[in-house]
Amino acid sequence: MDFYATLGDPCAKRDILEQLFQSGMTGVRLNMSHTSLAQCAPLLEELYWPAARQAGRGDAHLILDLQGPELRVGELPQPIPLREGLDILLGDGGIPVPQVILKTARRGQQISIDDGALLLEVRRTSSTVLLCRVLQGGPLLSKKSLSLLGAEVDTPTLTPADLDNLAQAGRFGVTHILQPFVRNRRDIDILRQTLEGLGLGRVQVMAKIEEQQGLDHLDEIMAAADQVCIARGDLGSSIPLWKLPGIQKDIARRCRAAGKPFCLVTQLLWSMEQRPVPTRAEVCDVYNGVLDGASSLMLTGETAAGRWPVQAMGYLVRTAQEALKAL
């Protein structure tokens, strides 16, 4: 079974990376929504791969999580506090958002930001700006994920930044590609063709299921991808949250029936961003995910931003090992 950490400042140290490997980590995820492979060169060449070799893990995985068709808030000069009931502008003169959101949004639709942490309702629309009411508030930061609920937004499979990063993937030893917001088999085929053209045909493709369109085409996505990733952050924002457990179980069941490996990710041990010990509910979630057949588990903010990355990996691995005993 594989155990992945997301790289970030807390684990961007040689000794921390070695401890993560010693705790059972088998690879890391690089989130390309906030950086590029070129910017990560020192981290990979001077820290990650030397730590892997020191830990005897020359076969460690390096997972590149692309931008893909995911929509994000633009750059902000500073965090913006959004208060419930406040009216705000998206677009010209307001919060920068992709043009396709301005073109697609309709009055009454809801916009989810930062995996559902913030929720807006569209009040008025124009070709350059949206007037929105804050339904669920909090601090808004740059580059947070953005989703127009109930709408299919036409965006390209691979962004220019994705193509630049893929062109360098071989140099840095990338072993897996996480493809966000996979909508259908065509998204997988486009990525495969790009990898083949770069001489990277052996790189594993992991299809992230994050919205209804991906759920509707799950069978063809499973057939085309090497692995499926149940990405509960955006998936839980695109559907009523109370439906997420049943959908997770259904994806897991269908993956098992098809013999397709799947990865479980998002908030596995979320409380450990701030605490050295997880909640009882979190370890039960991890345990049940393994019983459901997950072939890999991935930490995100717990290691990318949290205060206890090594401890989080330790709890993840030990909990999964207990579940494997039960199997």
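Everything numeric in this text was worked out from a predicted model, so none of it was measured. (Residues numbered from 1 in each chain as written. Predicted model: local features only at pLDDT ≥ 70, side-chain atom pairs only at ≥ 80, totals over all residues. Heavy atoms only, no water.)

Undergrad: Would you mind going over the overall build of the protein chain with me for this structure?
TA: The secondary structure content of the protein chain amounts to 13 helices and 16 strands. Against the compact-globule benchmark of 20 Å for 327 residues, the protein chain has a radius of gyration of 19 Å, which places it among compact chains. Structurally, the protein chain occupies a C-alpha span of about 55 × 45 × 40 Å along its principal axes. Out of the 327 residues in the protein chain, the part that is buried amounts to 52%. (Helix = DSSP H or I, 4+ residues; strand = E, 2+ residues; numbered from the N terminus. Rg over C-alpha atoms; globule rule 2.2 N^0.38 Å. Buried < 20%, exposed > 50% of the residue type's maximum accessible area, 1.4 Å probe, protein only.)

Undergrad: Where do I start with helix α6 (residues 185–197) in this structure?
TA: Residue pairs three or four apart in sequence face the same way in an α-helix, which turns once every 3.6 residues. A rise of 1.5 Å per residue sets the reference length of α6, with its 13 residues, at 18 Å; its end C-alpha atoms lie 18 Å apart and thus fit the reference within 8%. Of all the positions in α6, only D187, I188, L191, T194 and L195 are classed as buried. Down the axis of α6, the sector holding all buried residues measures 125°, keeping them to one side. Turned more than 90 degrees from where α6 packs its buried face, R186, Q193, E196 and G197 sit exposed. The secondary structure elements touched by the buried residues of α6 are α4 (160–167), β12 (176–179), β13 (204–209) and α8 (218–224). (Expected span 1.5 Å × (residues − 1). Arc of directions from axis to C-beta. Contact = heavy atoms within 4.5 Å.)

Undergrad: Would you mind going over the sheet that holds β12 with me for this structure?
TA: Overall, parallel pairing links the 8 strands, which are arranged β1-β2-β3-β12-β13-β14-β15-β16 in a closed barrel. Going from strand to strand, the sheet's axes swing by 25° on average, the running direction of each strand aside. Of the strands in this sheet, β1 (2–6) and β16 (296–298) are in contact with helix α13 (residues 309–326), which crosses β1 at around 160°. (Pairing = 2+ DSSP bridges. Axes fitted to C-alpha atoms, helices over the stretch in contact; angles between N-to-C directions.)

Undergrad: What should I look at first to understand the side chain of Q248 in this one?
TA: Within the element layout of this structure, Q248 appears in helix α10 (residues 244–258). Q248 sits in the buried class, given a relative accessible area of 10%. Engagement of the side chain of Q248 in a polar contact is seen with the side chain of R232, the distance being 3.1 Å. Not counting residues up to four positions away in its chain, the partners in contact with Q248 are I230, R232, L264 and D285. (Polar contact = N/O pair within 3.5 Å; in protein donor to acceptor, adjacent residues only side chain to side chain.)

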